[in-house]
Amino acid sequence: MESFYIIANSQKDKDFKLTDEICAYICGKGGKCLCQKLTQTGGKYNNAHSDMIPEGTDCVIVLGGDGTLIQAARELSVINMPVLGINIGTLGYLTEIDREQAFTAIDSLMNGQFYVDRRMILRGTVYRGDKEIYSDYALNDIVVNRVGSLRVINFDIYVNGEFLITYQADGLIVSTPTGSTAYNLSAGGPIVRPQTECIVMTPVCPHMLGKSSVIFGGEDELSVVMSETRTGVEERVATFDGTDHIGLLTGDRIVIRKSGMYADFIRIKKHNFLQILRNKLS
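A.B. asks: Would you explain the packing of aromatic side chains in this entry?
C.D. replies: What characterises a pair of aromatic rings is the spacing of the ring centres plus the angle enclosed by the ring planes. According to the stated counting rule, one finds three aromatic pairs in the structure shown. Considering the side-chain rings of tyrosine 134 and phenylalanine 240, the 5.5 Å spacing of their centres and the 55 degrees angle between planes classify their relative orientation as tilted. One end of the pair, tyrosine 134, is in strand S9 (residues 131-138); the other, phenylalanine 240, is in strand S17 (residues 235-240), with 106 residues separating them in the sequence.

Quick look at the structure:
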C-alpha cells in the first residue's frame with residue numbers, strides 16, 4: 001500500500017496533531033496521504049463521505065474511537081474501501097491499534113503485512129403502508145425504542161413472511177455479529193463470533209417469561225411491524241448504529257436483511273476474538 005486517506009475525529013485528536021504526524025510520516029516514506037478532519041457541528045460529528053475518497057486510494061486510516069470507525073466503515077463499504085482503525089480514545093473494541101503502535105502499523109501496511117477482517121452489514125427499510133419512507137445501513141445494530149411515556153410497545157415479528165411472535169417490550173435490538181457485543185450484550189443477548197453471518201434479535205425488557213434472543217441465518221429476512229395498542233397511534237423511533245434515526249408510527253414496518261455490502265477492517269495481526277472478548281468481559 002502506498003496511497004492513504006486519513007479520517008480524524010477532532011474530539012479525540014486535539015488540533016489534529018497526530019493526524020498531521022502520521023500524514024508526514026507516510027509522505028516521508030514515499031507514500032501519498034490526504035486527510036478529512038471531522039469537526040463538531042450542532043453537537044454531532046460529520047460522517048465520513050465515500051465520494052471524498054480520491055481514486056486510487058489503497059486504505060483509509062480512521063483516528064478516533066469505535067464510534068468514528070463504525071460510521072466510516074459503514075459509509076466506505078459502498079466503495080469496498082478497507083479501513084484501519086487507530087484508537088486514540090477510550091478502550092476500543094474494533095480499533096486494535098493504539099497511538100503508540102500507529103507508526104509501526106503504517107510500516108506493516110506499506111510492506112503488505114496485514115490481514116482483512118470482513119464484517120456483514122444490515123439494511124433496514126421502513127414502510128408506511130406500501131410506501132418506502134426510509135432506508136439505511138447498520139454495521140452494529142438497528143434498534144426500535146419507544147418515544148415519550150414509559151408504557152411498553154408492541155412488535156409483531158415475521159421471518160421470511162411467516163409470523164413468529166408478538167413482543168411486548170421496552171424496545172427491540174436487531175444486531176449483526178459485530179454488534180452482538182454492544183447494546184445486544186447489555187440487554188442480555190448472546191455474543192457471536194464477528195465473522196459469522198447471522199442476524200441476532202433481542203427484546204429489551206420484554207414483559208413475558210420467555211425473553212430469549214433468537215439467532216437467524218444470514219439469508220433470513222425479518223419484518224418488524226409496529227402493532228396496535230389500546231391507546232391508538234403511538235410514536236416510536238428506529239436508530240441505525242446509534243446515530244441515524246427515523247420516527248415511526250403504529251402500523252409502520254421495518255424490513256431487515258443482510259445488505260450484501262461488507263465492512264473490511266485491516267488487521268496487522270490475526271484477529272484474536274477470544275483475547276478481545278476476555279478484555280471486554282473483564
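From this point on, the discussion continues.
A.B. asks: When you look at the pairing of strand S12 (residues 162-169) in this model, what are you seeing that I'm missing?
C.D. replies: It is a general feature of regular strands that their side chains alternate between the two faces of the sheet. Here strand S11 (residues 153-159) pairs with S12 via seven bridges, running antiparallel. By the bridge assignment, tyrosine 158 is partnered in S12 with phenylalanine 163. Hairpin geometry of S11 and S12 is characterised by an intervening segment of two residues between the two adjacent antiparallel strands and by a positive phi of about 55 degrees at asparagine 160.

A.B. asks: Hey, could you run me through the pattern of salt bridges in this one?
C.D. replies: Within the structure shown, the criterion is met by 13 salt bridges. Aspartate 244 is paired through a salt bridge with arginine 74; the nearest N and O atoms lie 2.3 Å apart. Of this pair, aspartate 244 sits in strand S18 (residues 244-249) while arginine 74 sits in helix H2 (residues 66-76), and the two are 170 residues apart along the sequence. For aspartate 244, a relative accessible area of 14% translates into the label buried. Residue classification places arginine 74 among the buried residues on the basis of a relative accessible area of 8%. One connected set of salt bridges, linked through shared partners, spans Arg74, Asp241 and Asp244.

A.B. asks: Explain the packing of helix H1 (residues 17-28) against helix H3 (residues 102-110) to me, please; I cannot follow it from the model alone.
C.D. replies: Two packed helices can be described by the angle between their axes and the distance between those axes. At a closest axis distance of 11 Å, the pairing of H1 and H3 adopts a crossing angle of 35 degrees. Viewed along their axes, H1 and H3 form a crossing whose handedness is right-handed. On H3, the residues touching Leu18, Glu21, Ile22, Tyr25 and Ile26 of H1 are Ala102, Phe103, Ile106, Asp107 and Met110. Taken together, the residues of the contact of H1 with H3 sort by class into eight nonpolar, no polar and two charged.

A.B. asks: Would you take a moment to explain the environment of valine 174 for this structure?
C.D. replies: Topologically, valine 174 is positioned in strand S13 (residues 171-175). The class for valine 174 is buried, based on a relative accessible area of 2%. Measuring from C-alpha to C-alpha, the distance between valine 174 and leucine 122 comes to 9.1 Å, with 52 residues separating the pair along the chain. Excluding residues that lie within four positions of it along the chain, valine 174 makes contacts with Leu122, Asp141, Ile142, Ile199, Val200, Met201, Leu222 and Ile256.

Rules behind the numbers
- Residues numbered from 1 in each chain as written.
- Predicted model: local features only at pLDDT ≥ 70, side-chain atom pairs only at ≥ 80, totals over all residues.
- Heavy atoms only, no water.
- Phe/Tyr/Trp six-rings, centres within 6.5 Å; stacked < 30°, edge-to-face > 60°.
- Helix = DSSP H or I, 4+ residues; strand = E, 2+ residues; numbered from the N terminus.
- Pairing = 2+ DSSP bridges.
- Salt bridge = Lys/Arg side-chain N within 4 Å of Asp/Glu carboxyl O.
- Buried < 20%, exposed > 50% of the residue type's maximum accessible area, 1.4 Å probe, protein only.
- Axes fitted to C-alpha atoms, helices over the stretch in contact; angles between N-to-C directions.
- Left-handed = near helix turned anticlockwise from the far one by under 90°.
- Contact = heavy atoms within 4.5 Å.
- Nonpolar A, V, L, I, M, F, W, Y, C, P; charged D, E, K, R; others polar.

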